[in-house]
Amino acid sequence: MRIATFNINGIKARLPRLLEWLEETRPAVACLQEIKSQDEGFPAEAFEKIGYHAIWHGQKSFNGVAILADGVKPEETQRGLPLLPGDEEDPQSRYLEAEVNGVRIACLYLPNGNPQPGPKFDYKLAWMRRLQARMRELWQLERPTIVLGDFNVIPEAKDTFSVRAMADDALTQPESRDAYRRLLGDGWTDALDTLNPRGGVWTYWDYQRGAWQRDHGFRIDHCLLSPELADRLVSAGVDKEYRGREKASDHAPVWVEITGT
DNA sequence: ATGACTAGGTGTCCTAGA
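What counts as what
Residues numbered from 1 in each chain as written. Chains lettered and ligands numbered in written order. Predicted model: local features only at pLDDT ≥ 70, side-chain atom pairs only at ≥ 80, totals over all residues. Heavy atoms only, no water. Near = heavy atom within 4 Å. Polar contact = N/O pair within 3.5 Å; in protein donor to acceptor, adjacent residues only side chain to side chain. Helix = DSSP H or I, 4+ residues; strand = E, 2+ residues; numbered from the N terminus. Nonpolar A, V, L, I, M, F, W, Y, C, P; charged D, E, K, R; others polar. Axes fitted to C-alpha atoms, helices over the stretch in contact; angles between N-to-C directions. Parallel < 35°, antiparallel > 145°, perpendicular 65-115°, else oblique. Contact = heavy atoms within 4.5 Å. Core = buried A, V, L, I, M, F, W, Y, C linked by side-chain atoms within 4.5 Å. Buried < 20%, exposed > 50% of the residue type's maximum accessible area, 1.4 Å probe, protein only. UniProt positions renumbered as here; feature names shortened; annotations may be inferred.

Some words on the protein's contact with DNA strand B
Right, on to step 1. If you check the shell around DNA strand B, you find 27 residues, and the closest are Glu34, Ser61, Tyr109, Asn112 and Phe218.
Right, on to step 2. Looking at DNA strand B alone, sugar and phosphate atoms form 67% of those within 4 Å of the protein.
Right, on to step 3. Between a base nitrogen of DNA strand B and a side-chain N or O atom of Gln208, the distance comes to 3.3 Å.
Right, on to step 4. For the surface near DNA strand B, the element with the highest residue contribution is helix α1 (residues 11-25), accounting for 3 residues.
Right, on to step 5. Broken down by class, the residue content of the surface near DNA strand B amounts to 8 nonpolar, 9 polar and 10 charged.

Focus on the packing of helix α3 (residues 119-140) against helix α4 (residues 174-185)
Right, on to step 1. One way to put it is that α3 packs onto α4 with a least axis distance of 10 Å and a crossing angle of 5 degrees. Between α3 and α4, the angle falls in the class roughly parallel. Across the interface between the two elements, Phe121, Lys124, Leu125, Met128, Leu131, Gln132 and Met135 from α3 touch Glu175, Ser176, Ala179, Tyr180, Arg182 and Leu183 from α4.
Right, on to step 2. A per-class count over the contact of α3 with α4 returns 8 nonpolar, 2 polar and 3 charged.

Considerations on the nonpolar core
Considering soluble globular proteins, one finds that nonpolar side chains tend to be buried as a cluster.
Right, on to step 1. With 33 residues, the main nonpolar core has Ile3, Val29, Ile67, Ile105, Ile146, Val256 and Ile258 as its most contacted residues.
Right, on to step 2. Ignoring anything within four residues of it in the chain, the contact list for Ile258 reads Met1, Ile3, Leu225, Leu229, Arg232, Leu233 and Val234.
Right, on to step 3. Among the nonpolar cores identified, the runner-up in size contains 23 residues, and Leu15, Leu19, Ile35 and Ile50 belong to it.

Topic: the UniProt feature "active site" (unreviewed entry) in chain A
Right, on to step 1. UniProt records the feature "active site" (unreviewed entry) at Tyr109, Asp150 and His251, using the numbering of this structure. The greatest C-alpha distance among the annotated residues, which extend across 143 residues, is 12.6 Å, indicating that they converge on a single site.
Right, on to step 2. With respect to the helices and strands, Tyr109 occurs in strand β7 (residues 103-109).
Right, on to step 3. Among all residues touching Tyr109, those that are not within four sequence positions of it are Asn7, Gln33, Glu34, Asn63, Val65, Arg94, Trp127, Asp150 and Asn152.
Right, on to step 4. A polar contact is formed between the side chain of Tyr109 and the side chain of Glu34, at a distance of 3.5 Å.
Right, on to step 5. Note on placement: Asp150 falls in strand β8 (residues 145-150).
Right, on to step 6. Among all residues touching Asp150, those that are not within four sequence positions of it are Asn7, Gln33, Leu108, Tyr109, Leu110, Ile220, Asp221 and His251.

This is the structure:
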C-alpha cells in the first residue's frame, strides 16, 4: 500500500491538481496539510466522487489538515495534540490521526516558527514537545504506525540546496533540528532519508526567486515509521513532477510504499 | 542590499507562508 503526504497550500485553489494527483498515483492514504479551509468548506463530495473518504480538521484562512483513504473511511483516533502540563489550548488545526486498514496514520502540519527568535519559534518548539509525547504514546501501542506531514524542519545540511541561504531560518536552527533528532532517537525511521542517505532530495521549492527553475529546494516533508512498518518499507519517493505543473503547490507529494494491504 | 510569489480574507492591502 502507498501512503502519501502533500502540503497543498489551499484546498480550493488546488482542488483540480489534487484530484489529478489522486487519480494518477492512487495512494491508499493521502494526508493533506494547509487546506486553509473551514470545516464546512471542505470539498468532501469531490473526493467521494473518485472513491476517497475523508476526515478533516479545518480552520479559517490558515493551517488545516485532512486524511483521505481509498475506499474506506478513516477512523479518527485523535484531533489536535494532547496538551502537556502548563500548555494553553492550541487554537491551530495542525494534527489529525486515524486508523486505516490496520495502520495508524498521524497527519501533521508543524509550525513554521519564523521569525526566530520570537513567540512563533517558541510555539514551534512547544509543539514539537507535544508531538514527541504523542509519538511516545503511539510507540507504546506497538502497532504499524506512520507519522507524516510537513514537519517544517530541514534535518541536516544535505537536505537543503544552500546551508547559507537558510542559516537564519527557523527550519534549520539547532533547536529545531535537535527536536527532530530526538524524535528519531526514540526509534522512528525517516523513510526518505533511509533510502537516500546522501541527501539532495527536495520536497519544497519556494515560489520566489525562480527556486523551482533553479532546483533550489529543501526537504521538510517527512514520513516516520514505527518498527512494525519500517520492516515493511519497500520504497519511498517524491512526486516531483507535480511541482512543475500549472497552479502547483510549493510542496511536492511525498510517499512510501509498504508491503501488504 | 533588496525584492522577488501565492493564497485567503475582505481588500484595492494585510497576514502568513518557508
